[in-house]
Amino acid sequence: MSTSDHVDVLIVGAGISGVGAACHLRRNCPDKTYTVLEARDAIGGTWDLFRYPGIRSDSDMFTLGYSFKPWTNPKAIADGWSIREYVRDTAREHGVTEHIRFHHRVVRAAWESRTARWTVHAHRADTGADVTLTCSFLHICAGYYRYDEGYTPDFPGVERFTGRIVHPQHWPDDLDHTGKRIVVIGSGATAVTLAPALAEQAAHVTMLQRSPTYIIALPSRDTVADALRRVLPERAAYSAIRWKNVLVTTALFQLSRRLPGVVKRLLRRAARSRLPAGYDVDRHFSPRYDPWDQRLCVVPDGDLFTAISRGRASIVTDTVDTFTETGVRLRSGTELAADVIVTATGLNLLALGDTELTVDGAVVEPARTVAYKGMMLSGVPNFAMTIGYTNASWTLKADLVATYVCRLLTHLDHTGQQIVMPLPPPDGELHPILDLTAGYVLRSVDALPKQGARAPWRLHQNYPRDVLVMRYGRLTDQGVRFSASGTSERSALRA
């Protein structure tokens, strides 16, 4: 192994989180060496993987964008291509691109306390070679879902359907949907994006949902942002817009938690105002759960409501009985004719990018660990993971995690120590780290790390509060231990 195979920080993933982590490292710890390992052949993560029609953010770009790089595109709700280029431009501008090793899928990582190092094993998809690197700190920015496969239920009769079945995670380049009858199965963010986008050229699009989702229409352009950018310098305007949107989103979330009935009525009333008179809003737009038990689905400029009003799209609330040769038969007996069926049925969650971790020879079981400040795992030294907010933009949390990692590295250097390790909470009930009732979460939540009942093990989903804690709060508390190399950490893994 050459000396170049050891770095201070190894980042796994070159998506929006990984690129951001590398940029923060260059800005705040310029003396640290680093490498980014990316399993695929491109920068962008989610925004490079997903290529389905209409792909866009479901958060405004003033908060989904990086804190250090103003979003300058006129649209606040941006298309996937623009986001992908924004991430790539950021990597290029900050010199990150040349530090990325593509086609490197991390398989396992082993921590040794004696040397205070991780030994990371990766497989190269392009050459078939196995690669070994070492690092002092491991930061996984691989998201929380499988890139190689989406989730599709076992629908009866699938083999009978003579048309085409596609999953949005693997959209085929050769699919021409012009003039086709399309059934989109699903009711989440992907389905409400696909339906109006496909309806522009399809004969008709039917969004088939088992149960409704809360949907909110927002303008694709932010008029307040446009005004501020005309009178303020670029960075000042960006900061002001970012905080304005953070506070509005936080207020809506808190109102939903405290007065869910009020928010339900407001969302239902807003939907009714955009739909044809007499439309069955209660059946198709009134979920059984409270707002923010699952993410709100954003439709820019109300495009889904417009497609429904124009007769280009429709919503059917029912369940699949079986696929047929020509479409989908429902439990009610109705048959939906289709040339193309899109299974927008969700993701398969995956902890830590499917990387196997060991600490001094002991295997780390993610489900038996407790997250510290939503970013580190009990009993796992010199390690961080990035999981964004469920009630706000992903990058808001990613930025905080990246800056916190830099603070930890600086603290270790200043104190002459080499190891930082979170401890499990001494008592209290444990909860899932993702506090959502969405199907894709409930299917796999038992395999994910837990969170505790109180700080610093509790994830509050509150960006203003987290800014105070993670940017300015103490690094030393009851939930973490700093030490020198040479002491085994096996006993700290949660039993």
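The structure we're discussing is the one just above.
Residues numbered from 1 in each chain as written. Predicted model: local features only at pLDDT ≥ 70, side-chain atom pairs only at ≥ 80, totals over all residues. Heavy atoms only, no water.

Here we look at the sheet that holds strand E12 (residues 313–317)
Step number 1: Pairing within the open sheet is parallel, and its 5 strands lie in the order E7-E16-E8-E9-E12. Unpaired on one side and paired on the other, strand E7 (164–166) and E12 mark the two borders of the sheet. Within the sheet, the average angular offset between the axes of one strand and its neighbour, ignoring direction, is 20 degrees.
Step number 2: Here strand E8 (residues 181–185) runs beside strand E9 (residues 204–209); their pairing, made up of 5 bridges, is parallel. The residue bridging Arg181 from the neighbouring strand is His204, located in E9. (Pairing = 2+ DSSP bridges. Helix = DSSP H or I, 4+ residues; strand = E, 2+ residues; numbered from the N terminus. Axes fitted to C-alpha atoms, helices over the stretch in contact; angles between N-to-C directions.)

Overview of the sheet that holds strand E13 (residues 320–323)
Step number 1: Across the sheet, which stays open at both edges, the 3 strands sit in the order E13-E14-E15 with antiparallel pairing between neighbours. Pairing within the sheet leaves two strands with one partner each, and these edge strands are E13 and strand E15 (335–337). Each strand of the sheet is rotated relative to its neighbour by a mean of 25 degrees, with strand direction disregarded.
Step number 2: With 3 bridges joining them, E13 and strand E14 (residues 327–330) adopt antiparallel strand pairing. The partner of Thr322 across the bridge, within E14, is Arg329.

Side note on the pairing of strand E2 (residues 34–37)
Step number 1: Side chains Tyr34 and Val36 project from E2 onto one buried face, and the interleaved Thr35 and Leu37 project onto a second face that is buried too.
Step number 2: Across 4 bridges, strand E1 (residues 6–12) lies against E2 in parallel orientation. When the bridges of E2 are listed, Val12 appears paired with Leu37.
Step number 3: Read from E1 through helix H1 (residues 16–28) to E2, the crossover connection turns out right-handed.
Step number 4: In the sheet, E2 pairs with strand E3 (residues 100–101) via 2 bridges, with the strands oriented parallel. Its bridge partner being in E3, Leu37 is matched across the sheet by Arg101. (Buried < 20%, exposed > 50% of the residue type's maximum accessible area, 1.4 Å probe, protein only. Right-handed = clockwise from strand over helix to strand, strands pointing away.)

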